[in-house]
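Fold and geometry: a report
Okay, here's what each chain looks like letter by letter:
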Amino acid sequence: MNLTSPETPVPDPDPKALAAQRRELSPDTSAAFQAFQSKVFADGALNGKTKQIIAVAVAHVTQCQQCLKSHTKAALRAGATPQELMEAAWVAAEMRAGGAFAHSNIMLATINEERTP
């Protein structure tokens, strides 16, 4: 929510209206993205449910709130359980923390380089 002051909340723009505006401003690119999205989430080597669970985990890592909401809904519609989605969130949390942990190697290598005469 966009706030002009603590007392006067300004509602976020309507996502459907923004999507329509995006399509109007760039119809070919919007259609191509929609086709890409449909192809990516179609059943293949991974089924749609699994792909949506992956998308929920990725949305946690990228911190895309709109993605998190839409892919959680899609995962539930595809048959994912709340337990599966929570487990995916924990995997995402571990991967995000793991990245910070792994980057400590760069810090340690830099410390060691700086200590070398």
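Below, the structure is looked at part by part. Numbering of residues starts from 1 in each chain and follows the order in which that chain's sequence is written. For this predicted model, a pLDDT threshold of at least 70 governs which residues receive local features, and a threshold of 80 or more governs which side-chain atom pairs are given and counted, while totals over whole chains, interfaces and linings are taken from all residues. Where side-chain values are given, they derive from all heavy atoms of the structure, hydrogens and water being excluded.

So, the overall build of the protein
Test applied: A run of H or I in DSSP becomes a helix once it reaches four residues, and a run of E becomes a strand once it reaches two; helices and strands are each numbered from the N terminus. Atoms counted for the radius of gyration: C-alpha only. Globule rule: 2.2 Å times the number of residues to the power 0.38. Relative accessibility thresholds used throughout: buried, under 20% of the residue-type maximum; exposed, over 50%; partly exposed, between the two (1.4 Å probe, protein chains only). Throughout, a residue-residue contact means that at least one pair of heavy atoms, one from each residue, lies within 4.5 Å. We count Lys and Arg on the positive side and Asp and Glu on the negative side, and we leave His and both chain ends out. In this description, the location of a charge corresponds to atom NZ of lysine, CZ of arginine, CG of aspartate or CD of glutamate.
Looking only at helices and strands, the protein features 5 helices and 2 strands. Helices (α) and strands (β) of the protein occur, in sequence order from the N terminus, as β-β-α-α-α-α-α. On C-alpha atoms alone, the protein measures out to a radius of gyration of 20 Å, which is more than a quarter above the 13 Å that the 2.2 N^0.38 rule sets for 117 residues. For the protein, the C-alpha atoms occupy an extent of roughly 60 × 50 × 35 Å along the three principal directions. The buried share of the protein, taken over its 117 residues, is 15%. A separation threshold of at least 6 residues defines the contact pool for the protein, and within that pool the share at least 24 residues apart is 33%. Averaging the coordinates of the 11 positive side-chain charges in the protein and doing the same for the 11 negative ones gives two points 7 Å apart.

Digging into the side chain of Gln52
Rules: The term polar contact refers here to a pair of N or O atoms within 3.5 Å; inside protein, the definition further demands a hydrogen-donor-capable atom paired with an acceptor-capable atom, and it admits residues adjacent in sequence only when both atoms are side-chain atoms.
Among the secondary structure elements, Gln52 is positioned in helix α3 (residues 48–62). Within polar-contact distance, the side chain of Gln52 engages the side chain of His71 at 2.6 Å. What Gln52 contacts, discounting residues up to four positions off in sequence, is Phe41, His71, Ala74 and Ala75.

Looking at the packing of aromatic side chains
For any pair of aromatic rings, geometry is given as the distance between the ring centres together with the angle between the planes. Short version of the rule: Any Phe, Tyr or Trp ring, taking Trp's six-membered ring, that has another such ring centre within 6.5 Å forms a pair; planes under 30 degrees apart are called stacked, those over 60 apart edge-to-face, and the others tilted.
In the structure shown here, the tally under the stated rule is 1 aromatic pair. Measuring from ring centre to ring centre gives 6.2 Å for Phe33 and Phe36, while their planes differ by 50°; the resulting arrangement is tilted. Of this pair, Phe33 and Phe36 are both found in helix α2 (residues 27–40), 3 residues apart, which corresponds to roughly one turn of the helix.

A word on the pattern of salt bridges
Heads up, the condition is: One side-chain nitrogen of Lys or Arg within 4 Å of one carboxyl oxygen of Asp or Glu is enough to make a salt bridge.
Counted under the stated rule, the structure contains 1 salt bridge. The closest approach of N and O atoms between Lys49 and Glu84, which form a salt bridge, is 3.1 Å. Here Lys49 is found in helix α3, whereas its partner Glu84 is found in helix α5 (residues 82–115), with 35 residues between them in sequence. Relative accessible area serves as the criterion here: at 28%, Glu84 is assigned to the partly exposed category.

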